[in-house]
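Descriptive analysis of the structure
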Amino acid sequence: MTTVDQRHRTTPPAPRRRSRRDEILEIAVGLFASRGYHGVSMDDIGSAAGVTGPALYHHFAGKEAMLVAALIPVSESLLEGGKKRVARHPEDAKAALADLIDFHVEFALANPAVIALHLHELDRLPEDPRRQIRRLQRLYVEEWVAVLSRVRPELPAPEARVLAHAAFGLMNSTPFLGGEVDRVRRAALLRDATVHALIGH
């Protein structure tokens, strides 16, 4: 019978526990997406989250701060995730494009409220965070344009950019989709539609 040297045993890290701030932000995003930014007050958010006004302001200075906290990290994670997926396939542009599509479809299905918030409320942000988000978005789009240009070298970059934005329109339709089709099938339909939009088959 063998024994395990305890000095060399490793324990997988426990998943990060969601903070109270994260929980409040998720509730606020859902309310903003369903009622509109101006249709939600801090009292509404506090009531839905089960916290009092002072406790709520301990986490966020106001609704505007919540909007910034919701949208900037999402834009950063999309850009970072997109770059990682492209980097997996340095010699295979079609595989890189398929990985990008999978990545964004999964994001869109998991975050319909964030997408709705971005579509309808981004212009309510102050200029500096709004410009930061727009810059991150442009960089993310360019990841797609670069890969699509490798898959379809006959396309000028401006035309590849048009197709990339059209693909985002398809994938970001999740806030408007009902539950009649299960999630796995919705993902497959969105992936197929995006492939057809980008490469035509």
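Remember, predicted model here, so these are calculated numbers, not experimental data.

**A word on the overall build of the protein**
On a plain count of helices and strands, the protein comes out with nine helices and zero strands. Overall, the protein shows an N-to-C arrangement of helices and strands of α-α-α-α-α-α-α-α-α. Structurally, the protein occupies a C-alpha span of about 65 × 60 × 40 Å along its principal axes. Here the protein, with 201 residues, has 39% of them falling under the buried criterion. Within the protein, residue pairs in contact and separated by at least 24 positions form 67% of the contacts whose partners lie at least 6 positions apart. Total accessible area computed for the protein in this model is approximately 12000 Å², and 54% of it derives from carbon and sulfur atoms. Computed over 27 positive and 25 negative side-chain charges, the separation of the two mean positions in the protein equals 3 Å.

**Observations concerning the packing of helix α1 (residues 20-35) against helix α4 (residues 63-87)**
Interaxial distance between α1 and α4 falls to 10 Å at its minimum, and their mutual angle equals 100 degrees. The angle between the axes of α1 and α4 places the two elements in the roughly perpendicular class. Together, R21, I24, L25, A28, V29 and F32 of α1 and K63, M66, L67, A69 and A70 of α4 make up the contact between the two elements. Classifying every residue of the contact of α1 with α4 gives nine nonpolar, no polar and two charged.

**Here's the deal with the UniProt feature "DNA-binding region" (unreviewed entry) in the protein**
Here the UniProt feature "DNA-binding region" (unreviewed entry) sits at residues 41-60. This span, residues 41-60, is 75% helix and 0% strand, and a straight line between its end C-alpha atoms measures 13 Å.

**What about the side chain of D99?**
Here D99 shows up in helix α5 (residues 93-110). Overall, D99 belongs to the buried group, its relative accessible area being 13%. Separated by 3.1 Å, the side chains of D99 and R88 make a polar contact. A distance of 3.0 Å separates the side chain of D99 from the side chain of H89, its partner in a polar contact. What D99 contacts, discounting residues up to four positions off in sequence, is R85, R88 and H89.

**Describing the confidence of the model for the protein**
On average, residues of the protein score 87 in pLDDT, and 91% of them reach the 70 mark or higher. Every residue in residues 1-15 scores below 50 in pLDDT, and together they form one contact with partners more than four places removed in sequence or on other chains.

**What about the packing of aromatic side chains?**
All chains considered together, the criterion is met by four aromatic pairs. Note on Y140 and F168: the rings are 5.6 Å apart at their centroids and 25 degrees apart in plane angle, and the pair reads as stacked. Separated by 28 residues along the polypeptide, Y140 in helix α7 (residues 127-151) and F168 in helix α8 (residues 157-171) bring together distant segments of the chain. Of the two residues, Y140 and F168, both sit in the buried class. For the ring pair W144 and F168, a centre distance of 5.1 Å and an interplane angle of 70 degrees mean the geometry is edge-to-face. Here W144 is found in helix α7, whereas its partner F168 is found in helix α8, with 24 residues between them in sequence. Its relative accessible area of 1% is what places W144 among the buried residues. Exposure remark for F168: the relative accessible area of 8% places this residue in the buried category. Through a chain of ring-to-ring contacts, three or more aromatic side chains come together here, namely Y140, W144 and F168.

About the criteria used
- Residues numbered from 1 in each chain as written.
- Predicted model: local features only at pLDDT ≥ 70, side-chain atom pairs only at ≥ 80, totals over all residues.
- Heavy atoms only, no water.
- Helix = DSSP H or I, 4+ residues; strand = E, 2+ residues; numbered from the N terminus.
- Buried < 20%, exposed > 50% of the residue type's maximum accessible area, 1.4 Å probe, protein only.
- Contact = heavy atoms within 4.5 Å.
- Areas by Shrake-Rupley, 256 points an atom, 1.4 Å probe, with all protein chains shown as cover.
- Lys, Arg positive; Asp, Glu negative; His and termini not counted.
- Charge placed at Lys NZ, Arg CZ, Asp CG, Glu CD.
- Axes fitted to C-alpha atoms, helices over the stretch in contact; angles between N-to-C directions.
- Parallel < 35°, antiparallel > 145°, perpendicular 65-115°, else oblique.
- Nonpolar A, V, L, I, M, F, W, Y, C, P; charged D, E, K, R; others polar.
- UniProt positions renumbered as here; feature names shortened; annotations may be inferred.
- Polar contact = N/O pair within 3.5 Å; in protein donor to acceptor, adjacent residues only side chain to side chain.
- pLDDT = per-residue confidence, 0-100.
- Phe/Tyr/Trp six-rings, centres within 6.5 Å; stacked < 30°, edge-to-face > 60°.

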